[in-house]
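Secondary and tertiary structure notes
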Amino acid sequence: MKSMVRILLILVLFPALLSVVAGWMGAPGFLHPEKRALTPGMVRDADVTFAQIGARREEFDVRAADGAMLRGWKVRAAKPNGAWVLVFHGVADNRYGTEEHARMLLQNGYSVVMMDSRAHGASGGEMASYGWLERKDASAVIDELERTEHAENLYAMGISMGAGIALQAAGSDARIEAVAAEAPFADLQEAAYDYAGLQRWPLLGKTFFAPGAWVLIYRGERLAGFPAGEVSPEKAVKTRAFPLLLICDGADVVLPCRHSESILRAAAGQKELWRVPGALHTGGLGMAPMEYRRRVVSFFDSQRNGARASASKSSK
């Protein structure tokens, strides 16, 4: 009987202990994701894409509030409609990763700003904070955009980490009028459960492997010096009401649809959720390209038309 109890204890405690070790070891990598360098080949490919649709690219570098240099591009549509969209990429990626999303917007008259997030691509910054510092970076980018351009409307679009950053930026900066977000995380703790569950078994991440998720966030907070509990797109959409198009990928195991559903429930403003059947993480555009373009462009068009109608009424 005693040996059976010991075996049961080992079976229960060993996964938890293993997850704690993994969480402790994984925290530095969480804050310092592998950089995807912006190569000359990527730049050439992007320029070919932009040239095909008559768009014009220029370098756009912005100094963040903490001194980090953020590097990116401003890309002007061939037939600009007066609106600009800030486009945010995912973790361990760079601005090139949103090339197809930018093409979609540019073809429909939306000029875009494509920045490498801090600690990504060619941008500076000591670490990735998943929105804690990046929301302030977005405000610095908007400041510089306003200094150099006359944007009639300003929107944001992001994928994965970039979706979470876009939502948090909009929650703190009212100049962002609307957001389209694909595969965002609800908050860092919830995302850590998926990480602990090896991005395959979220229930394990919330049960046997939950201690690893707690340790990951705890050590991350201590190493980074920011409150991980406040890194929360879900909280951001409660803070300020703004129009929101959420896109969740039906077969996503990295950030499953429950994240988008939590954000949808919390959102204080106009909101819509589109689930893309069969799409893997951030795969919506590839899985359903025509519908993706229709929904995203229609969403931004409706916001722009609504803003113009409101301006017309107020001027009478």
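Look up: the structure comes first, before these words.
Quick caveat: nothing in here was measured; it's all calculated off a predicted structure. (Residues numbered from 1 in each chain as written. Predicted model: local features only at pLDDT ≥ 70, side-chain atom pairs only at ≥ 80, totals over all residues. Heavy atoms only, no water.)

1. Focus: the packing of aromatic side chains
The final tally for this structure, using the stated rule, is 6 aromatic pairs. Ring centres of Tyr155 and Phe300 lie 5.1 Å apart, and the angle between their planes is 20°; on these two criteria the pair is classed as stacked. A residue pair is termed long-range when its members are at least 10 positions apart, and Tyr155 in strand S5 (residues 153-159) and Phe300 in helix H12 (residues 289-315) qualify at 145 residues. Linked through ring pairs, Tyr110, Tyr155, Phe299 and Phe300 together constitute an aromatic cluster. (Phe/Tyr/Trp six-rings, centres within 6.5 Å; stacked < 30°, edge-to-face > 60°. Helix = DSSP H or I, 4+ residues; strand = E, 2+ residues; numbered from the N terminus.)

2. Quick notes on helix H4 (residues 134-148)
Helix length check: H4 (15 residues) gives 21 Å between terminal C-alpha atoms against 21 Å at 1.5 Å per residue, within 8%. On the buried face of H4, the contacting elements are strand S1 (56-63), strand S2 (69-76), strand S3 (83-88), strand S4 (111-115), S5 and helix H5 (161-172). (Expected span 1.5 Å × (residues − 1). Contact = heavy atoms within 4.5 Å.)

3. What about the pattern of salt bridges?
Per the stated rule, a full pass over the model turns up 23 salt bridges. Two residues, Glu190 and Arg258, come together in a salt bridge whose shortest N-O distance is 2.7 Å. Taken together, the residues span a long stretch of sequence, with Glu190 in helix H6 (residues 188-196) and Arg258 in helix H10 (residues 257-266) at a distance of 68 residues. You can call Glu190 buried: its relative accessible area is 16%. Using a relative accessible area of 22% as the deciding quantity, one classes Arg258 as partly exposed. Where Glu230 meets Lys235, a salt bridge forms, and the shortest distance between an N and an O atom there is 3.3 Å. The exposure class assigned to Lys235 is partly exposed, which follows from its relative accessible area of 40%. (Salt bridge = Lys/Arg side-chain N within 4 Å of Asp/Glu carboxyl O. Buried < 20%, exposed > 50% of the residue type's maximum accessible area, 1.4 Å probe, protein only.)

By themselves, these are just geometric observations and shouldn't be taken as functional.
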